[in-house]
Amino acid sequence: MTPTRTRSRRRVAFLSGWSALAVAAAAGVVVTALPSSAAATLGGAAAAAGRTFGAAVSDNLGDAGYVDILDSQFSGITPENEMKWDATEAAPGAFTFDAADVIVDHARERGMAVRGHTLVWHSQLPAYVQAIADPAELRTAVDRHITEVAGHFRGRVEYWDVANEAFLDDGSRRPSVFQTVLGDGYIEDAFRTARSVDPDAKLCYNDFSIEGVNAKSDATFEMVRDFTARGVPIDCVGFQSHFVLGQIPADLQANLQRFADLGVEVQITELDIRMDLPADAAKLAQQAEDYATVVRACLAVAPCSSITVWQVSDRESWVPSTFAGQGAALLFDEDRAAKPALEATIAALGG
Ligand code: G3I
């Protein structure tokens, strides 16, 4: 049996609930057991199309109203902050996983897929890492971090964002401490280490502003092409998709397809569509159309396996604190009421 077949068999073996539905649909099994109420949810409609529909989740699981929506609508979870370097290894060698474990346990108990986010990223990176100037010392620190974090979650995480946001808009490498001290090879080294630690997880590169064809996505494409050609263990590319109202790239589908043609899965990993506040009926209608456009692009590309929104409702969104005067970017509003985009998204999924 080849290693690849071993991985996929084991992955299917631990799936249940939402994930099993999605696997069945992707395998061509007609999913007839889906109750109509489930088909009318994001997770249910996505499962019937062989996809996962996830949400980023942070310290929100004590909020019953939030959990009601999360558990009834979504089939996947990405910890929003709890697996990042500053959360898991704030001091060298001192690993803490409690906050992430709460989220991962919640997901696995309900058959939701888990996306690990993220192992090597320049942001939310403790000062002690940023201060390392010696290549051997930094390589040891990165190896230990990946080994401990991916090792802790082995068997409970289906996808890892191994490297995140390594390029600038012009397609050059972001001058992070990893790039500056270790050079271009740090990304492939991270993928190889992650594969050796968790051979069953799918390993992804994840970035923003690579959703359309541009200098940044071209550089990412070239890296992924090179990795696949040389056997560097990459399985997937995450397109974050932090969009602005009315500005979904017209070439989104074509861009997803060119990456898929390299033989990797593609995924929409952090979707939100922000607008100038206050929201009004016309903006919400445009947003509904924009969400549907993104879903249609993913469904049109066979290896586009999941769509994840970056939090459940506008109340939890990162957008207002980052972009002054903007927000209302998600599928549920500040009061956790469904927005027009929810129905449009489910309809576009085929629900
Ligand atoms: O940890 C401190 C906490 O100790 C303190 O009490 C609190 C007070 O504000 O701040 C906490 O840190 C915040 C952290 O989230 C955890 O809640 C930071 O201030 C805040 O800046 C940070 O923001 C996160 C951001 O990444 C950081 O870069 C957002 O929640 C998170 O949504 C966002 O997610 C990123 C993805 O990981 C990568 N792609 C872009 C996306 C949006 O920026």
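These lines cover the structure that appears in this document, whether it is placed above or below.

The rules behind the values
- Residues numbered from 1 in each chain as written.
- Predicted model: local features only at pLDDT ≥ 70, side-chain atom pairs only at ≥ 80, totals over all residues.
- Heavy atoms only, no water.
- Buried < 20%, exposed > 50% of the residue type's maximum accessible area, 1.4 Å probe, protein only.
- Helix = DSSP H or I, 4+ residues; strand = E, 2+ residues; numbered from the N terminus.
- Pairing = 2+ DSSP bridges.
- Right-handed = clockwise from strand over helix to strand, strands pointing away.
- Arc of directions from axis to C-beta.
- Contact = heavy atoms within 4.5 Å.
- Axes fitted to C-alpha atoms, helices over the stretch in contact; angles between N-to-C directions.
- Parallel < 35°, antiparallel > 145°, perpendicular 65-115°, else oblique.
- Left-handed = near helix turned anticlockwise from the far one by under 90°.
- Nonpolar A, V, L, I, M, F, W, Y, C, P; charged D, E, K, R; others polar.
- Salt bridge = Lys/Arg side-chain N within 4 Å of Asp/Glu carboxyl O.
- Core = buried A, V, L, I, M, F, W, Y, C linked by side-chain atoms within 4.5 Å.

Attention now goes to the pairing of strand E9 (residues 304–309). Within E9, six of the six residues are buried, which leaves the element mostly enclosed by the surrounding structure. Taken together, the four bridges between strand E1 (residues 52–57) and E9 define a ladder with parallel strand orientation. By the bridge assignment, Gly-54 is partnered in E9 with Thr-308. Across four bridges, strand E8 (residues 265–276) lies against E9 in parallel orientation. Bridge pairing links Gln-267 to Ser-306 in E9. Handedness of the β-α-β unit built from E8, helix H14 (residues 281–299) and E9 comes out right-handed.

What follows concerns helix H13 (residues 252–260). Among the residues making up H13, those that are buried are Leu-252, Asn-255, Leu-256, Phe-259 and Ala-260. An end-on view of H13 places all buried positions within 140° of arc, on one side of the element. Against the buried residues of H13 lie helix H12 (215–230), strand E6 (236–239), E8 and H14.

Running from N to C, H14 and helix H16 (residues 340–349) cross one another at 25°; their axes reach a closest spacing of 8 Å. It follows from the interaxial angle that H14 and H16 lie roughly parallel. At the point where H14 passes H16, the crossing takes the right-handed sense. Of the residues in H16, those touching H14 at Leu-284, Gln-287, Ala-288, Tyr-291, Ala-292, Val-295, Arg-296 and Leu-299 are Pro-340, Ala-341, Ala-344, Thr-345, Ala-348 and Leu-349. By residue class, the composition of the contact of H14 with H16 is eleven nonpolar, two polar and one charged.

On to the pattern of salt bridges, then. Here the structure, examined in full by the defined rule, presents 21 salt bridges. Lys-216 is the salt-bridge partner of Asp-169, the closest N and O atoms lying 3.9 Å from each other. Taken together, the positions of Asp-169 in the loop between strand E4 (159–164) and helix H10 (177–182) and Lys-216 in helix H12 put the pair 47 residues apart, joining distant regions of the chain. Between Glu-222 and Arg-225 there is a salt bridge whose closest N-O contact spans 2.6 Å.

Moving on: the nonpolar core. Of all hydrophobic cores here, the largest spans 95 residues; its most connected members are Leu-70, Phe-74, Trp-160, Phe-178 and Phe-191. The leading source of residues in this core is H14, at seven residues. Leaving out residues up to four positions away in the same chain, Leu-70 has contacts with Ala-55, Val-57, Leu-61, Ile-77, His-106, Met-112 and Val-312.

Any functional reading would require information beyond the geometric quantities listed.
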